[in-house]
Amino acid sequence: MKVTIDGIPVEVPDGTSILNAARLIGGDVVPPAMCYYSKLAGSGGKCRTCLVKVSKGSEKDPRPMPKLVASCRTNVMDGMEVQNLTSPEVIEARKGVVEMLLINHPLDCPVCDQAGECDLQNLAFEHGAEKTRYEFDRRTFHRIDIGDKIQLHMTRCILCYRCVYVADQITDHRIHGILNRGDHSEISTYIKAAVDNDFSGNVIDVCPVGALTDKTFRFKNRVWFTKPVEAHRDCDHEKCNGKVTLWYKGEEVLRVTARKDVYGEVEEFICNTCRFDKKKTADWVIEGPRKVSNQSVISSNHYDTLRPLPVIKSNPALVEANKEQFERETRL
């Protein structure tokens, strides 16, 4: 079936969501998504950042949908026309959603380990308002350890449910979830039981903010000072393929993460042995530097070529003016 998003047509199979159809097009047409995760069944529909406007329902029923819809939970119809960045209504609504997500989120970016690869930072930069209208006290929580390698900062959490779905679908048992209701809702383990299973570390990778952090990497370095390298090993765990990204600082491996695609989603989940216990270069087969988007701060000083492009482009008029100024000052 055929769907048009921001004036760009694309052919997609039946049952495809608007968000995934936009991802087939790529670029700025793709709505942001803080809770949807293509590899986790049932995810999406929580954060509302992917709202779009359906200006034409289908060829059979061309009436527009009366309200904005979540693109991650709405399937396309043949002949559907969708507006994302071309709709002022969507832009304004997304700005309100971002403001809502930031109501209780602390300004921890200068000390947060997620800074530089945080989806909420990118979202606030691209779609957020200049300042908040919220003047009341923010909700706060104490940091808790939900295992010997994972720390939970509930104050930063946006309740996307990704970590809950990970525990439900790729581990043997889940012992954490959403407690309480409304403004008191929080991710936690009942009576602070430890999250202890072979794949528990993946909750760190799927978290779009800095709510779940790796205690072995905590405060060690900023991601833009590290060098990501792809590597693999023959892992003994039957569900782990051993393909990872090593984050180097000099010759030291500071952390190990699963590989992620262009949308920040994990390609293959990895076990805790690969993530926490194998932090020596000798443990891995190095494949080469990981390609990082030039729009990411992590790409700073990471060049694919030995001769990087000049930062300042030559301006003949400016060069001539500088020459005249230099000669004039020399005569004086």
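Below is a short write-up of the structure. (Residues numbered from 1 in each chain as written. Predicted model: local features only at pLDDT ≥ 70, side-chain atom pairs only at ≥ 80, totals over all residues. Heavy atoms only, no water.)

## Points about the layout of surface pockets
Condition: Definitions used for this entry: grid spacing 1 Å over protein atoms alone; cavity, a set of points where a 1.4 Å probe fits but cannot get out; pocket, an open set with protein on both sides within 12 Å along at least 5 of 7 lines; lining residue, one with an atom within 4 Å of a point. Grid points are joined across faces, edges and corners, and a volume is the space filled by probe spheres set on the points. Put simply, DSSP H or I for four residues or longer makes a helix, DSSP E for two residues or longer makes a strand, and each gets a number counted from the N terminus. Residue type decides the class: Asp, Glu, Lys and Arg count as charged, Ala, Val, Leu, Ile, Met, Phe, Trp, Tyr, Cys and Pro as nonpolar, and the leftover types, Gly among them, as polar.
Here the second largest pocket defines a volume of roughly 430 Å³. Lining the second largest pocket are 25 residues, and of these Leu102, His105, Pro106, Leu107 and Ala124 lie nearest its centre. Looking at the lining of the second largest pocket, the elements with two or more residues in it are helix 2 (88–101) and helix 3 (119–127). Of the residues belonging to the lining of the second largest pocket, the class tally is 12 nonpolar, 6 polar and 7 charged.

## Focus on helix 1 (residues 18–25)
Our working definition: Partly exposed residues are those whose accessible area sits between 20% and 50% of the maximum for their type, while under 20% is buried and over 50% is exposed, using a 1.4 Å probe and protein chains only. In this description, contact between two residues means that some pair of their heavy atoms is separated by no more than 4.5 Å.
Turning to helix 1, its buried residues number three or more, namely Ile18, Leu19, Ala21, Ala22 and Arg23. Along its buried surface, helix 1 packs onto strand 1 (2–5), strand 2 (8–11), strand 3 (51–56), strand 4 (69–70) and strand 5 (80–83).

## Here we look at the pattern of salt bridges
Worth spelling out the cut-off: Any Lys or Arg side-chain nitrogen found within 4 Å of a carboxyl oxygen on Asp or Glu counts as a salt bridge.
One pass over the full model with this rule turns up 14 salt bridges. For Asp61, the salt bridge identified is with Arg63, shortest N-O distance 2.9 Å. Relative accessible area serves as the criterion here: at 31%, Asp61 is assigned to the partly exposed category. Its relative accessible area of 60% is what places Arg63 among the exposed residues. Look at the salt bridges and you will find they share partners, linking Glu230, Arg259, Glu287 and Arg290 into a network.

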